[in-house]
Amino acid sequence: MFNKEPKEIPVYVFMGFLGSGKTTFSIDTLLRQGFTESTPTLLLAFEDGEVEYDTSELEKENIHLEIISDEEFTSEKLLELGRQYNPENVIVEYNGMWELDRLFSVKVPQGWTVVQVISFVDATTFDVYVNNMKKIMMDQLRNADMIIFNRCDENTKTAEYRRSIRAVNRRAQVIFEDKEGNPLNTADEVVLPYDLDKDVIELGEEDFGLFYIDAADNPDRYVGKKIKFKAQAHRPSNYKDDEFVPGRFAMTCCADDIAFIGFKTYYKGAKTLNDRDWIIVEGTIGKEFYPEFQGEGPVIHADTVSLTGPAADDLVYFNY
């Protein structure tokens, strides 16, 4: 007799601070949109939100709600619930004050697999949380597959927020919604500070951050383009002798959060470069698959790399 492989049970994690819209989204997705199609679903709520669930409505859709306290958040409790409900889907409404690592450190029933992490952000309080709870906020942004800014209005800095998030999480889809939950159209064309139609795109020292964001979002418009820019060299330990990353340190959405940003570059003399060397890179932009970002992104094939002096400002920003 053969043992059957354990069935994969998808786990969807909703992150965000209290009042960020997790429960409202859950109700809309589970009840109004019928996401689980009445298959046995376990809904784990790790905090009492401002919006309450109607358990009778959930039960009609075969959704079983369990409120999990801090003390109950144990491997034993999750294993017990797995045996009790034998769910085909698991929805986790995560406590916004906990780091996501805590969820991954707890043993879960066999087959439970996190397939999507969605972070919810109240646009009216985003700057306050960024300034006062940077570490937790960045944990929510860095680990998300989708980030939903809700309660947006005409004063919401959508372009600034999107660019800042791209610096720390290139793979996440970023969505902005108004106070009624309708998606905002944020696809207005942006005037870049450099000319894409020139024979060679020459970046000013302050333009690298904007180039990085736009090229990451729209790699196809850059494929085949010649480029010249100033950067610092970095050679990750797992890179080959002809690979390195020319990039810049960037100020992200969090005032004290600095990230090194850049694209993988192929250059025959890469192994001669030292970390933090200031260089001028000239080459051609291509595109290839990035496993860590689960998609394609720009790469650079450098023709020349020459040492140079430092930039006037060590940091780049994301302002047009």
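Q: What's the story with the environment of Thr124 in this structure? I'm lost.
A: You can see Thr124 is positioned in the loop between β5 (112-122) and α5 (126-132). Sequence separation between Thr124 and Asn155 is 31 residues; the distance between their C-alpha atoms is 9.4 Å. Separated by 2.6 Å, the side chains of Thr124 and Asp122 make a polar contact.

Q: What is the right way to read the nonpolar core from this model?
A: The biggest cluster of nonpolar side chains holds 35 residues, and the ones touching the most others in it are Phe211 and Tyr222. When contributions to this core are tallied by element, the ones reaching two or more residues are α8 (208-217), β9 (226-234), β10 (243-251), β13 (278-290) and β14 (295-307). Examining the composition of this core, we find that six residues originate from one element, α8, more than from any other. Among residues more than four places away in sequence, those in contact with Phe211 are Tyr194, Leu203, Tyr222, Ile227, Phe263 and Ile285.

Q: What's the story with the packing of helix α7 (residues 158-168) against α8 in this structure? I'm lost.
A: For any two helices packed against each other, one specifies the inter-axial angle together with the distance between the axes. Axis separation between α7 and α8 bottoms out at 10 Å; the angle between their running directions is 80 degrees. Looking at the two axes, α7 sits roughly perpendicular to α8. The residues of α8 that touch α7, namely those facing Arg163, Arg166 and Ala167, are Leu210, Tyr212, Ile213 and Asp217. When grouped by side-chain class, the residues that make up the contact of α7 with α8 number four nonpolar, no polar and three charged.

Q: Would you take a moment to explain the pattern of salt bridges for this structure?
A: Two side chains bearing opposite charge may form a pair once their charged atoms approach each other closely. For the structure shown, the criterion picks out 13 salt bridges. The closest approach of N and O atoms between Lys287 and Asp220, which form a salt bridge, is 2.5 Å. Taken as a pair, Lys287 in strand β13 and Asp220 in the loop between α8 and β9 lie far apart in primary sequence, 67 residues in all. Overall, the relative accessible area of 55% leaves Asp220 in the exposed class.

The rules behind the values
Numbers given for residues are sequential positions, taken from 1 along each chain in its written order. In keeping with the model being predicted, local features are shown solely for residues with a pLDDT of at least 70 and side-chain atom pairs are shown and tallied solely at 80 or more, while totals for entire chains, interfaces and linings include all residues. To obtain the side-chain values, all non-hydrogen atoms of the structure were included, while hydrogens and water were left out. Counting from the N terminus, the helices are DSSP H or I runs at least four residues long and the strands are E runs at least two residues long. We call two N or O atoms a polar contact when they sit within 3.5 Å, provided that within protein one can donate a hydrogen and the other can accept it, with sequence-adjacent residues counted only if both atoms are side-chain atoms. Definition of nonpolar core: a set of buried residues of the types Ala, Val, Leu, Ile, Met, Phe, Trp, Tyr and Cys, connected through side-chain atoms within 4.5 Å. In this scheme, a residue with accessible area under 20% of its type's maximum is buried, one over 50% is exposed, and one in between is partly exposed, where area comes from a 1.4 Å probe on protein chains only. Whether two residues are in contact is decided by their heavy atoms, any of which lying within 4.5 Å being enough. Axes, fitted as lines to C-alpha atoms, cover a helix only where it is in contact. Angles between the N-to-C directions of the axes lie from 0 to 180 degrees. For classification, angles of less than 35 degrees are called roughly parallel, those exceeding 145 degrees roughly antiparallel, those between 65 and 115 degrees roughly perpendicular, and all remaining angles oblique. Amino acids are sorted into nonpolar (Ala, Val, Leu, Ile, Met, Phe, Trp, Tyr, Cys and Pro), charged (Asp, Glu, Lys and Arg) and polar (every other residue, Gly among them). Salt bridge, as used here, is a side-chain nitrogen of Lys or Arg placed within 4 Å of a carboxyl oxygen of Asp or Glu.

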